[in-house]
Protein chains: 4
Amino acid sequence: MARKENNFEVRTDLAVEQRERFPGDGGEIAGVALREWRESGSAVKMSEVQILDEHGARAMGKPKGVYLTLEADGMAGNDEEEMEEIAREFAMQLRRLLLREQNEAQITPKELDGLKEFQGSKSEKAKNKENRTGFEGKRILVVGLGNAFVTPDALGPRTAGNLKVTRHLDGQFGKGFCQERNLPLLSAIVPGVMAQTGMESAEILRGIVRETKPELVIVIDALAARSVRRLGTTIQLTDTGIHPGSGVGNHRHGLTRESLGVPVFAVGVPTVVGATSIVHDTISSLEAWEIEEKPGWEEKLEPELRNLYVTPPDIDERIQRISRILCDGIHQALFEPETCL
Amino acid sequence: MARKENNFEVRTDLAVEQRERFPGDGGEIAGVALREWRESGSAVKMSEVQILDEHGARAMGKPKGVYLTLEADGMAGNDEEEMEEIAREFAMQLRRLLLREQNEAQITPKELDGLKEFQGSKSEKAKNKENRTGFEGKRILVVGLGNAFVTPDALGPRTAGNLKVTRHLDGQFGKGFCQERNLPLLSAIVPGVMAQTGMESAEILRGIVRETKPELVIVIDALAARSVRRLGTTIQLTDTGIHPGSGVGNHRHGLTRESLGVPVFAVGVPTVVGATSIVHDTISSLEAWEIEEKPGWEEKLEPELRNLYVTPPDIDERIQRISRILCDGIHQALFEPETCL
Amino acid sequence: MARKENNFEVRTDLAVEQRERFPGDGGEIAGVALREWRESGSAVKMSEVQILDEHGARAMGKPKGVYLTLEADGMAGNDEEEMEEIAREFAMQLRRLLLREQNEAQITPKELDGLKEFQGSKSEKAKNKENRTGFEGKRILVVGLGNAFVTPDALGPRTAGNLKVTRHLDGQFGKGFCQERNLPLLSAIVPGVMAQTGMESAEILRGIVRETKPELVIVIDALAARSVRRLGTTIQLTDTGIHPGSGVGNHRHGLTRESLGVPVFAVGVPTVVGATSIVHDTISSLEAWEIEEKPGWEEKLEPELRNLYVTPPDIDERIQRISRILCDGIHQALFEPETCL
Amino acid sequence: MARKENNFEVRTDLAVEQRERFPGDGGEIAGVALREWRESGSAVKMSEVQILDEHGARAMGKPKGVYLTLEADGMAGNDEEEMEEIAREFAMQLRRLLLREQNEAQITPKELDGLKEFQGSKSEKAKNKENRTGFEGKRILVVGLGNAFVTPDALGPRTAGNLKVTRHLDGQFGKGFCQERNLPLLSAIVPGVMAQTGMESAEILRGIVRETKPELVIVIDALAARSVRRLGTTIQLTDTGIHPGSGVGNHRHGLTRESLGVPVFAVGVPTVVGATSIVHDTISSLEAWEIEEKPGWEEKLEPELRNLYVTPPDIDERIQRISRILCDGIHQALFEPETCL
């Protein structure tokens, strides 16, 4: 008989998991659009949850916006080629999401025509135009949220810490240096967590944004998932920023267009699950469990289980691998669009 | 109604958890003796499981021998004083277990009398005798099992890596140097894991034992527990060594008196639990779950859950704290018996 | 015969070393005051260089202000008690320097009298007043400059990363929480280096200072010394902040009262020396070298030597020890004045 | 005028530097043969010092044997392609040195002819023979000497720790598994240093060699050089093993064919120089220093300088890069001869 899935209130930061809670996988939720696809031959399964209005936002418990999900079991593995494919796919989706937001910055078809006319000429500038990325000269700040000393929370710090930043090159070699080379003005910061800094990440970033004036912000964060299957195998991209209570470290204040004053995109990968999620997963996987669940069982759990988050023992290695995928993907999306178009 | 606990086959390396599986906590198992106590005012709860004969060994799935368990929630906390108390209690228990084995090395009552007579004299040697530890001049090898790069498996390497070894002092300052100072000849090794070395830990240690001839071996290892409550809050000491299939890294061969040719003691702390254990814990904690379990539900679990081991997100910090407790405790047991008698 | 010391232009961040360059140790430099002392029985040698006016600033190549130096060979050693003594002495000097700046915040003799009168009363508030630190409720930001991944440059990040911050407690438990407990509102940040962030530390800090409004800033940084003897054995405190070209990482922009808008204190420890300094040290130590140096030899050095900075092989361990001294000292200075008065 | 180079007794572990001490670079030393070359277009400069007899051994202060040196400034840089070229060249030289020793294991020209005849046949075994490496089924132990926690001494541990070992596969999948796949039986160990283990590396390795019976041992170690130019830019390979007093950690006992009972090869990279070496380098680079040196100046140096070894501040990054080159090179030499023949 049908299980009352919606009695579970297991925490998840993934829109796609939140969506799965509703009865009947194909079922409609007013104000929420779901789309799923897989490029032919690709190792990566894509889904897009769009929360279209306030009704959808209430139903999903998440703000209006686009939530893209890449799923690939290969992220947990060791295969170099598969990792490169995932990085490429991630780069492509990140690129699309960023450009969707700021399509005024995109190369228009007309511009493209103009570029083609240039192809006869041999000037350096003209050739550079052929390699336009859509982000040249754009001021972009990447934020690595989380605690660098708590491994499953270190995804943001490790990714942001390995980016090839460029913003300072304009300072060193003259204004325009990056733009002429089709580079964005990329900067990156690891703000630390409140227990280390005594400050909200939102405060630190508001100060840095005011001072260095990025045009868009990309936040990298480790997430909590409901399903153990998703640990380190799913990437979520969203244009809604980071909201209070999300992330492994449970941010107290949001990082959004409202709080920072510029568009904020978020890239997250689940690295922990709640112990209660494991119970949920288990029960869901049992055919023999032909009983009606008692509603509210979770409230009766011992507190140590209710608040227990867990992570796989090989998390060090996983975080290293995933941060490399994210780092490579961001580089491709912003620097080398030809590799991911 | 009664739950059929013994249908569960959740893996545990702890004798005390294995013992709990049997119906009726106070119930008797032939060939197994259980004793529990707490020193008055102490934060540490002690238990001793003794497996007395082959019948007990079969029932418990563990070899004959003594299994001492220290339980202290303070191990998960941050209180300096409580940590020192736990280290002291651990030192005392380790000391007793080692001396029980080799009581020929113990100071006999007669010797003690002799020592007291010496108290009048002022010679350095005589005073040293007053500070006899029972391990002076004894060759002791501590082995830190596990993978230093997988945090929950790094307990052994971190503990062994921080010990104050002394064996080389005899080589540097002359034979007898340690004994005259009431020091053991302490050596320590971190053999690595098979995937790093291509060798069994047992092979590496057999070679080192043959070459350096320790009189006793103490192995430190991270364990798997059944109960999440025990993660990082329990220390098990045993005189049976390490057996195949135990430990986070699942050792393929044992490290025992039989395989190494000298007495082998093991000190372990659980740092991972199986996902299935969490399900078990949860169900056990539910009063409302008044149903008879379906036997064999575990066999029906999806393989990814059945083999999933998990660890707390703050495992880095916990391992650091526990390795300090073990390190301090070993030092006290071997060097400063006055602090733990 | 006299050696022309002032031909050497070996870089140093230490005012006390710059002072030593002038012929005749007791010699006077207009606009520079030097004072040296040692508390009786103390392991720490103190000196204070005061640059009083523009003439002194030009002669010294450093801005006007106070430069306090603690020297203690024990910083390189392993003696726990000596380390505690150094931390205490450092705390006392830091405290004095901070309070000198803001003597309006100091407890006046009159206030002290008032406090004594209170001693009869038993109110909590009154007792708290007895424990006044001079920093209660004060907003203080500690900045850990340098690259956390280049060991000799990691002193700032490691020190700032281990501080017990308090500023967020007011946010969590209500405004006034810290002040009532005689705590400062302490925050800390590790801004990273420009090659990692694409931003000047000065930009990042200006943003954070504007947003979080500290009343004073303390910057921790690793320095370059001229003498190998000073590597890890000297602490410099100054009220002049950080100036361009200083520090292991050679900051491009200063962190000063002018650039940040609040008083900036700097705490530095030398962790590298230039290769040319080693040559200088060597030659200075040779009695047999009774020759007149050829002026300008340094310009003839091969570039790889001229720009080579070096550090001791055991730098990891040294940085760990020194960051602990600094961290303990800052805690004592700001939280526990009774331990360092 | 001529400088009396041979008065300097600056320590070096590099045979090629020891050779340079003798007056007249082209000059002959009885019992020592020198050969230098560079493959056309290669970034790597090669030299081979052969110590032929006892006279040469005395003159050089090093045992009889072959000392190959690769020099490439690219090792200090960041260029991926150059790093790959250096790894390839290192692999080729290592391969030659190992096969020279055990030419009975080499593929003879006759065998090669035989292999070509097989080319018509399609059997798996025959095809495997075409890919023979000369090391198939050979038992090889790689030893990473040094202290993993002292960065410039960590080269051995990091290299050995990242090797793809295979020896255990025969245990897991059946004897002959490796040989049939043209794989060596590769094992690796990081024995630690005496201050951590209380045992000599020689003792630990003698035990492991006796127990696991490798046919040859390759030891990786960090070295001391005389010239700062060589820090991290030179690889030395030798068939003489490791001798007392060499290496950053100054091994007390040798690791040689005599002490271990099997051929011992050593691969070393200089990561520290003595402070006195820097003085030497400087003076050598000064044209203006037209004076006769006073013999024996080093004896007059202050002890803190005489025993001071130094390392570059970015040593962490350098060690990471070099260990990757060594690791890749060893893999190519033993697993993929086609990439380095």
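To be clear, the structure that these remarks concern was listed above.
Predicted model, so just to flag it, every value in this text is computed and none were measured.

J.: Report on the overall build of chain A, specifying residues and quantitative values.
T.: Scanning chain A for helices and strands turns up 14 helices and nine strands. Across chain A, the fraction of contacts at a sequence separation of at least 24, relative to all contacts at a separation of at least 6, is 74%. Summing over all exposed atoms, chain A offers an accessible surface of approximately 14,400 Å²; the carbon and sulfur share of this is 48%.

J.: Go over the pairing of strand β3 (residues 65-71) of chain B, please, and point to the residues and values.
T.: Along any regular strand the residues' side chains alternate between the sheet's two faces. Residue and element names in this part refer to chain B. By the criterion of burial, β3 is predominantly enclosed, with seven of the seven residues buried. Where burial is concerned, the two faces of β3 agree: the one with G65, Y67, T69 and E71 and the one with V66, L68 and L70 are both buried. As paired strands, strand β2 (residues 45-51) and β3 are joined by seven bridges and run antiparallel to one another. Bridge assignment links I51 to a residue of β3, and that residue is G65. Here five bridges tie β3 to strand β7 (residues 234-238), and the two strands are oriented antiparallel to one another. Residue pairing across strands places Y67 opposite T238, the latter belonging to β7.

J.: An account of a negative patch on the surface is requested, with residue identities and associated values reported.
T.: A surface patch of like charges, here negative, comprises D79, E81, E84 and D328 of chain A. As for its position among the elements, E84 of chain A is in helix α3 (residues 80-101).

J.: Explain helix α10 (residues 201-212) of chain A residue by residue, including any values.
T.: Residues and elements named next belong to chain A. Under the 1.5 Å per step criterion, the end-to-end length of α10 is 16 Å for twelve residues, consistent within 8% with the ideal 16 Å. Summarising burial for α10: ten of the twelve residues are buried, a large majority. Where α10 terminates, the next one or two residues include K213, which has phi positive at roughly 50 degrees.

J.: Please set out the side chain of K62 of chain B residue by residue, giving values where relevant.
T.: Residue and element names in this part refer to chain B. For K62, the position within the fold is in the loop between α2 (54-60) and β3. Of the buried charged residues, K62 lacks a salt bridge, with D13 as the closest side chain of opposite charge at 5.1 Å. Here K62 is in contact with T12, D13, L14, A15, Q18, I51, A57 and Y67, once residues within four sequence places are set aside.

J.: Explain the packing of aromatic side chains to me, using residue names and the numbers behind them.
T.: Residues and elements named next belong to chain D. Inspection of the entire model under this criterion finds four aromatic pairs over all chains. Here the basic side chain of R35 rests over the ring of W37, its NZ or CZ set 4.1 Å away from the ring centre. In this structure, R181 packs its charged tip against the face of F177, placed 3.9 Å from the ring centre.

J.: Residue-level account of the environment of A76 of chain D, with values.
T.: Residues and elements named next belong to chain D. Relative to the helices and strands, A76 is located in the loop between β3 (65-71) and α3 (80-101). Given a relative accessible area of 30%, A76 falls into the partly exposed group. For A76, the residues in contact, after removing those within four places along its chain, are G232, T233 and R321.

J.: Requested: an account of the environment of H55 of chain D, with residues and values cited.
T.: Residues and elements named next belong to chain D. Counting through the fold element by element, H55 comes out in helix α2 (residues 54-60). The partly exposed category is assigned to H55, whose relative accessible area is 40%. The spatial distance from the C-alpha of H55 to the C-alpha of I29 is 9.0 Å, given a sequence separation of 26 residues.

J.: Help me get a handle on the packing of α10 of chain A against helix α10 (residues 201-212) of chain C, residues and values and all.
T.: At their nearest, the axes of α10 of chain A and α10 of chain C sit 7 Å apart, and the two run at 120 degrees to each other. Compared by their axis directions, α10 of chain A and α10 of chain C come out oblique. Pair α10 of chain A / α10 of chain C crosses with right-handed handedness. Here α10 of chain A contributes E203, I204, R206, G207, I208, R210, E211 and T212 of chain A to the contact with α10 of chain C, which in turn contributes E203, I204, R206, G207, I208, R210, E211 and T212 of chain C. A breakdown of the residues in the contact of α10 of chain A with α10 of chain C according to their chemical character gives four nonpolar, four polar and eight charged.

What counts and how
Residues numbered from 1 in each chain as written. Chains lettered and ligands numbered in written order. Predicted model: local features only at pLDDT ≥ 70, side-chain atom pairs only at ≥ 80, totals over all residues. Heavy atoms only, no water. Helix = DSSP H or I, 4+ residues; strand = E, 2+ residues; numbered from the N terminus. Contact = heavy atoms within 4.5 Å. Areas by Shrake-Rupley, 256 points an atom, 1.4 Å probe, with all protein chains shown as cover. Buried < 20%, exposed > 50% of the residue type's maximum accessible area, 1.4 Å probe, protein only. Pairing = 2+ DSSP bridges. Patch = residues over 30% accessible without salt bridge, like charges linked within 9 Å, V, L, I, M, F, W, Y side chains within 5 Å. Salt bridge = Lys/Arg side-chain N within 4 Å of Asp/Glu carboxyl O. Lys, Arg positive; Asp, Glu negative; His and termini not counted. Charge placed at Lys NZ, Arg CZ, Asp CG, Glu CD. Expected span 1.5 Å × (residues − 1). Phe/Tyr/Trp six-rings, centres within 6.5 Å; stacked < 30°, edge-to-face > 60°. Lys NZ or Arg CZ within 6 Å of the ring centre and 35° of its normal. Axes fitted to C-alpha atoms, helices over the stretch in contact; angles between N-to-C directions. Parallel < 35°, antiparallel > 145°, perpendicular 65-115°, else oblique. Left-handed = near helix turned anticlockwise from the far one by under 90°. Nonpolar A, V, L, I, M, F, W, Y, C, P; charged D, E, K, R; others polar.

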